[in-house]
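# Residue-level structural notes
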Amino acid sequence: RIQTNGKVGAGAVAPPDTATRGGGVVSEVGRQFGVYSELSKFRLSALVVSTAGAGFAAGCGAWGGAVDPIVLGSLCSGTFLAATSANTFNQVIERPRDVAMKRTCNRPLPSGRITPEHATGFGVAAGAMSCCILGLGASPTCAALGAANIGLYALPYTLSKPRTEWNTWVGALVGAIPPLMGWSAAGLPLSCCAEPWLLASTLFLWQFPHFFSLAWLHRRDYARGGFQMVPVNDPTGTRTADLVLWYSAAMLPLPAISAYLEATSYMFAVEGTALTGYLVYLSAKFRENRSNDNARHVFRCSLWFLPLFLGAFLFHQKKQKRRFSGSPRSHPCASRMGGTNPGVSPKNVRPRGRGSENRLSSPLPEHKPRGYSSCKRAGAAASAVIRCRSGDGCFLRHPPCLQ
């Protein structure tokens, strides 16, 4: 029924209400966003972003450089998209097995809320955007690591899960890469310091007590899906508990090594060892009594252990200034170039005023023309920095006051 000229005509269909149409569109958009969020495994991807952020913070703190919000934003968004892409491809490949598992049967693909073709397109788009954002906003090395991680997670890790128990070690390697991405986004080469490798080692070792305790709790579900996990092939739990304890104990020397290498103060050796010691204690209890409760205690401890450990590492991190006495003459690049800061002199740098970039006025003989990149957010000319990318071992940001 519709009303025309004040009269109601019978047999006509009323037009849909505008508010109802709008509400339907909003509801559909919200539903689709929820599907994409589930494909991305939002909480897992957020954890990956946090570990990449820890690497970036360590890189910025290594020489006391200011945090560039543009680079940080590019790193976080690009890393999240990379994790989203990898998780989406993982679910597309595992769709037939996810149907058989209780904990995964309600995911978007097994439940039919999205088609495999749609999900594949979403994964490709997320991966492409990730590489572009990381390459343009962070660094080419960071983009290369992100692309490699997508491929490593989507192919070797995912395809090995129903075939061999070694899939867990492949997955641990995937989880160790994000701190390296963050460090490279800070503008530092991976070979210059111990910090990125200490963080990566922590992430690699941490994943075994974290995942094996979780897999023990869901071992029957993994068996239904046909996955070759250690707890699935370990009815007594002896091997599972041993691996949890061994890899937890393997993290014990990391805080002391960090302090010995002057990456952190010795206070981190105390705090980090205490944190790891509690994880080892819970792992030992699980080894003595392989119950679900003890496994759950290890898993829950691993959830709060990682942010506290990484936070303590960053809080107690030493700056490169202290290790090289704050002089450009004492850092590795200078020592290989005859004791001076190669190619950096006032005549080579032309200040462009407050808030502007400093650019090289002429190519430097010791460095390729692209050897230096200016800080996009330099601030005042007096505090501007020039990032050295010579490839000769120089990894410092040279302030003009040291030129």
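Residues numbered from 1 in each chain as written. Predicted model: local features only at pLDDT ≥ 70, side-chain atom pairs only at ≥ 80, totals over all residues. Heavy atoms only, no water.

Looking only at helices and strands, the chain features 16 helices and seven strands. Counting across all 403 residues of the chain, residues that qualify as buried make up 47%. Sequence-distant contacts, at least 24 apart, represent 67% of the contacts inside the chain between residues at least 6 apart. Of the roughly 19100 Å² of accessible surface on the chain, a fraction of 62% belongs to carbon and sulfur atoms. (Helix = DSSP H or I, 4+ residues; strand = E, 2+ residues; numbered from the N terminus. Buried < 20%, exposed > 50% of the residue type's maximum accessible area, 1.4 Å probe, protein only. Contact = heavy atoms within 4.5 Å. Areas by Shrake-Rupley, 256 points an atom, 1.4 Å probe, with all protein chains shown as cover.)

Below, the discussion takes up the confidence of the model for the chain. Mean pLDDT over the chain stands at 80; residues scoring 70 or higher make up 73%. Across residues 321-403, where pLDDT falls below 50, the model places 141 contacts with residues more than four positions away in sequence or in other chains. (pLDDT = per-residue confidence, 0-100.)

Counted by the stated rule, this structure contains eight salt bridges. In this structure, Arg-31 and Glu-28 form a salt bridge, with 2.9 Å as the shortest nitrogen-oxygen distance. Taken together, the positions of Arg-31 and Glu-28, both in helix H1 (residues 18-40) and three residues apart, correspond to about one turn of that helix. The partly exposed category is assigned to Arg-31, whose relative accessible area is 36%. When its relative accessible area of 40% is taken as the criterion, Glu-28 is described as partly exposed. The residue Arg-296 makes a salt bridge to Asp-293 at a minimum N-O spacing of 3.1 Å. In this pair, Arg-296 and Asp-293 both sit in helix H14 (residues 292-315), three residues apart, roughly one turn of the helix. Given the relative accessible area of 29%, Arg-296 is considered partly exposed. Here Asp-293 falls in the partly exposed class, since its relative accessible area comes to 48%. (Salt bridge = Lys/Arg side-chain N within 4 Å of Asp/Glu carboxyl O.)

The final tally for this structure, using the stated rule, is 19 aromatic pairs. Aromatic side chains Tyr-36 and Phe-122 sit 4.3 Å apart centroid to centroid with 10° between the ring planes, which places their arrangement in the stacked category. One end of the pair, Tyr-36, is in helix H1; the other, Phe-122, is in helix H5 (residues 116-138), with 86 residues separating them in the sequence. Counting every residue linked through ring pairs, the aromatic cluster contains Trp-166, Trp-169, Phe-204, Phe-208, Phe-211, Phe-212, Tyr-222, Phe-227 and Tyr-247. The ring of Phe-227 has Lys-161 lying over it, and the distance from NZ or CZ to the ring centre is 4.8 Å. (Phe/Tyr/Trp six-rings, centres within 6.5 Å; stacked < 30°, edge-to-face > 60°. Lys NZ or Arg CZ within 6 Å of the ring centre and 35° of its normal.)

Turning next to the packing of helix H8 (residues 178-185) against helix H9 (residues 195-217). It is the contact of H8 with H9, at a shortest axis distance of 8 Å, that shows an interaxial angle of 160°. One way to sum up the angle between H8 and H9 is to call them roughly antiparallel. Seen along the crossing, H8 lies across H9 with a hand that is right-handed. Residues Pro-179, Leu-180 and Trp-183 of H8 pack against Glu-195, Pro-196, Trp-197, Leu-199, Ala-200 and Leu-203 of H9. (Axes fitted to C-alpha atoms, helices over the stretch in contact; angles between N-to-C directions. Parallel < 35°, antiparallel > 145°, perpendicular 65-115°, else oblique. Left-handed = near helix turned anticlockwise from the far one by under 90°.)

Considering the arrangement of structural elements, one finds Ser-40 in helix H1. Its relative accessible area of 3% is what places Ser-40 among the buried residues. The residues touching Ser-40, leaving out its near neighbours within four places in the chain, are Ser-45, Phe-80, Ala-83, Thr-84 and Asn-87.

Moving on: unusual backbone geometry. One non-glycine residue, Lys-41, lies in the positive phi region at around 50°. Structurally, the position occupied by Lys-41 is in the loop between H1 and helix H2 (42-62). Phi at Glu-262 takes a positive value of approximately 65°, unusual for a residue other than glycine. As for its placement among the helices and strands, Glu-262 is situated in the loop between helix H12 (253-260) and helix H13 (266-288).

A few words on helix H7 (residues 167-176). With eight of ten residues buried, H7 is to be regarded as a mostly interior element. Looking at H7, one finds that the buried residues are Asn-167, Thr-168, Trp-169, Gly-171, Ala-172, Val-174, Gly-175 and Ala-176. Buried residues in H7 make contact with helix H6 (140-160), H8, H9 and helix H11 (238-250).

Attention now goes to the packing of helix H3 (residues 69-93) against H8. Taken N-terminus to C-terminus, the directions of H3 and H8 make an angle of 155°; their axes are 10 Å apart at the nearest point. On the basis of the axis angle, H3 is roughly antiparallel to H8. Handedness of the crossing formed by H3 with H8: right-handed. From H3, Val-71, Leu-75 and Thr-79 reach across to H8, where they touch Met-181, Gly-182 and Ala-185. Considering only residue class, the contact of H3 with H8 consists of four nonpolar, two polar and no charged. (Nonpolar A, V, L, I, M, F, W, Y, C, P; charged D, E, K, R; others polar.)

With respect to the element layout, Ser-258 can be found in helix H12. Classification of Ser-258 as buried rests on a relative accessible area of 2%. Residues Ser-258 and Ala-269 lie eleven residues apart in sequence; the distance between their C-alpha atoms is 7.4 Å. Those residues in contact with Ser-258 that sit more than four places away from it in its chain are Leu-198, Ala-263, Thr-264, Phe-268 and Phe-313.

Together, Ile-257, Tyr-260, Leu-261 and Tyr-266 make up a nonpolar patch on the protein surface, roughly 460 Å² of accessible area in all. Its place among the elements puts Ile-257 in helix H12. Ile-257 sits in the partly exposed class, given a relative accessible area of 38%. (Patch = residues over 30% accessible without salt bridge, like charges linked within 9 Å, V, L, I, M, F, W, Y side chains within 5 Å.)

The next thing to look at is the environment of Pro-196. Counting through the fold element by element, Pro-196 comes out in helix H9. Note: C-alpha distance between Pro-196 and Met-181 (15 residues apart in sequence) is 9.1 Å. Contacts of Pro-196, omitting those with residues within four sequence positions, involve Leu-180, Trp-183 and Leu-190.

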